[in-house]
Amino acid sequence: MTQDVWLSTHAYLQPVALLHAVVDIAAAGIPTEAPCVPIWDNYTVDFQKGVPLLESSATVIDLTAAERVVVLLVENLASAPLPGKVAEETRALDSELRCDPDAPRRAVAWLLDKDVYASACPGLLRYLGWTALARHFRPLVDAFAGWRDEERWLRSYCPTCGSRPSMAQLVGTDPGRLRLLSCGRCKTRWRYRRTGCPFCENHSDHRLAVLAVEGEGGLRIDYCEACRGYLKTYDGEGSEHVLLADWTSIHLDIIAHDRGLIRSAASLYEVS
Ligand SMILES: [Zn+2]
Ligand SMILES: [Zn+2]
């Protein structure tokens, strides 16, 4: 499945696809400065206790470069051809991040859930900020995946940034079929129990109810009858790039929302 094929049958996603394309081009134009990979031994104890990598005080991850990429992305986009309201909000964010020298630090701390930051455009800042951060942290996320023993995490939140999963994916074949959870913010994917709800962590290990969606390339909605939390799930392999992107399945969020289900995961794409 390519993005073009997906968009040809989901024309209503075109505006968000166009926005993505402009943001991706702007992000690709920012010089990268890979974050230092921490000394993993220092983090082992926190990892075993369930402290996400970016929340651990045992690892010193310098965020100065991360702050710079967020500021640069917003600055590049302030003069990009964006649709009306987004263009306006991007310019507002750009001046907001410039007018106070401490704003970039506080904005990134807010994106990482470490501080409060009263942005005038929090939704757009979350989207642009995490687009820049996910790109910036990619080498760190990859190195972490290589080091991490998945069997020792199996938690319902992202081992890198602590976010709840935006989506899940079922991979492999029985009896070794696995469920991976996917972070909508930093794009980490990690293993979780095959059954059970990752939101209320209902330990009765009941199966989630499945809401199949016609003709959706293996996408479905799994939901918990106890807490009404739902998880968009990709039951397949090979089209992760398109089908795990979260925005490509916004229509599933709308279906779930209409049925009174609750999205517990942070979304970079607000659906109301
Ligand atoms: Zn994450
Ligand atoms: Zn639940």
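This one's a predicted model, so the numbers in the text were calculated from it and none came from an experiment.

## Observations regarding the coordination of the zinc ion (ligand 2)
- Cys197 (SG), Cys200 (SG), Cys224 (SG) and Cys227 (SG) make up the full set of protein donors to the zinc ion (ligand 2), lying at 2.2 to 2.4 Å.
- The coordination sphere of the zinc ion (ligand 2) comprises four donor atoms, whose angles at the metal cover 104 to 114°; the geometry is tetrahedral.
- Mapped onto the sequence, the residues coordinating the zinc ion (ligand 2) show the spacing C-x2-C-x23-C-x2-C. Of this pair, Cys197 sits in the loop between β3 (189-192) and β4 (209-212) while Cys224 is found in the loop between β5 (219-223) and β6 (230-235), placing the two residues 27 residues apart along the sequence. Neither Cys197 nor Cys224 differs from the other in exposure class; each is buried.

## A look at the packing of helix α4 (residues 64-78) against helix α7 (residues 122-147)
- Two elements in contact, α4 and α7, have axes whose closest approach is 9 Å; the angle formed by their N-to-C orientations is 130°. Comparing the axis directions of α4 and α7 gives the class oblique. Crossing hand, α4 versus α7: right-handed. Where α4 approaches α7, its residues Ala65, Ala66, Val69, Val70, Leu73, Val74 and Leu77 are matched on the opposing element by Leu128, Gly129, Thr131, Ala132, Leu133, His136 and Phe137.
- In the contact of α4 with α7, the residues fall into eleven nonpolar, three polar and no charged.

## Observations regarding the environment of Asn76
- Position of Asn76 relative to the elements: it lies in helix α4.
- Put simply, Asn76 and Val23 are 53 residues apart on the chain and 9.1 Å apart in space, counted from C-alpha to C-alpha.
- Ignoring sequence-local partners within four residues, the contact set of Asn76 consists of Ala26 and Ile30.

## Some points on helix α2 (residues 14-28)
- With 15 residues, α2 extends 21 Å between its outermost C-alpha atoms, agreeing within 8% with the 21 Å of an ideal straight helix rising 1.5 Å per residue.
- Regarding α2, the residues found buried are Val16, Ala17, Leu19, His20, Val23, Ala26 and Ala27.
- Taken together, the buried residues of α2 touch α1 (3-9), α4, α5 (84-99) and α7.

## Brief notes about the packing of α2 against α4
- Between α2 and α4, the shortest axis-to-axis distance is 9 Å and the interhelical angle comes to 125°. The angle between α2 and α4 falls in the class oblique. Every pair of crossing elements has a handedness; the one defined by α2 and α4 is right-handed. Facing Val22, Val23, Ala26 and Ala27 of α2, the residues of α4 in contact are Leu73, Asn76 and Leu77.

## Section: the side chain of Ser156
- Here Ser156 lies in the loop between α7 and β1 (167-171).
- Looking at Ser156, its side chain comes within polar contact range of the main-chain oxygen of Pro198, at 3.3 Å.
- Each residue touching Ser156, except ones within four places of it in the same chain, is listed here: Arg164, Pro165, Leu181, Trp190, Tyr192, Pro198 and Glu201.

## Digging into the side chain of Arg177
- Tracing the backbone through its elements, the reader meets Arg177 in the loop between β1 and β2 (178-182).
- A distance of 2.9 Å separates a polar side-chain atom of Arg177 from the backbone oxygen of Gly172.
- Beyond its immediate stretch of four places on either side in the chain, Arg177 contacts Leu170, Val171, Gly172, Arg194 and Asp235.

## A closer look at the sheet that holds β6
- The strand order across the open sheet built from six strands is β3-β2-β1-β6-β5-β4, with neighbouring strands paired in mixed fashion. The open sheet has two free edges, formed respectively by β3 and β4, since each of these has just one partner strand. Sheet twist, expressed as the mean angle between neighbouring strand axes with direction ignored, is 35°.
- By the bridge criterion, four bridges tie β4 to β5 in an arrangement that is antiparallel. Pairing of Val210 across the sheet is with Asp222, part of β5.

Reading guide: rules and limits
- Numbers given for residues are sequential positions, taken from 1 along each chain in its written order.
- Here chains are named by letter from A upward and ligands by number from 1 upward, in the order in which they appear as written.
- Residue-level local features of this predicted model are given only where pLDDT is at least 70; pairs of side-chain atoms are given and counted only at 80 or more, and the full residue set underlies all totals for whole chains, interfaces and linings.
- Excluding hydrogens and water, the side-chain figures rest on all heavy atoms present in the structure.
- Each metal's donors are the N, O and S atoms within 2.8 Å of it, or within 3.2 Å when it is Na, K or Ca, and because water is not part of the set, sites may look incomplete.
- The rule is simple: four donors are tetrahedral if all their angles sit between 85 and 135 degrees, four are square planar and six octahedral if opposite donors span more than 155 degrees and the others lie between 65 and 115, and anything that fits none of that is irregular.
- Counting from the N terminus, the helices are DSSP H or I runs at least four residues long and the strands are E runs at least two residues long.
- A simple rule labels every residue: compare its accessible area, found with a 1.4 Å probe on the protein chains alone, to the largest value its type can have, and call it buried under 20%, exposed over 50%, or partly exposed in between.
- Note on geometry: axes are lines fitted to C-alpha atoms, helical ones only across the stretch in contact, with angles between N-to-C directions running from 0 to 180 degrees.
- Throughout this description, any angle smaller than 35 degrees is read as roughly parallel, any larger than 145 degrees as roughly antiparallel, any in the 65 to 115 degree range as roughly perpendicular, and the remainder as oblique.
- Two helices cross in a left-handed way if the nearer one is turned anticlockwise from the farther one by less than a right angle. They cross in a right-handed way if the turn is clockwise.
- The criterion used for residue contact is that any of the two residues' heavy atoms lie within 4.5 Å.
- Residues are grouped as follows: Ala, Val, Leu, Ile, Met, Phe, Trp, Tyr, Cys and Pro are nonpolar; Asp, Glu, Lys and Arg are charged; every other residue, Gly included, is polar.
- Here a helix's expected span is defined as the number of its residues, less one, multiplied by 1.5 Å.
- Polar contacts, as counted here, are pairs of nitrogen or oxygen atoms within 3.5 Å of one another; within protein the pair requires one atom able to donate a hydrogen and one able to accept it, and residues that are adjacent in sequence qualify only if both atoms are side-chain atoms.
- In this description, strands pair whenever DSSP reports at least two bridges between them.

Purely geometric stuff here, so don't read any function into it on its own.
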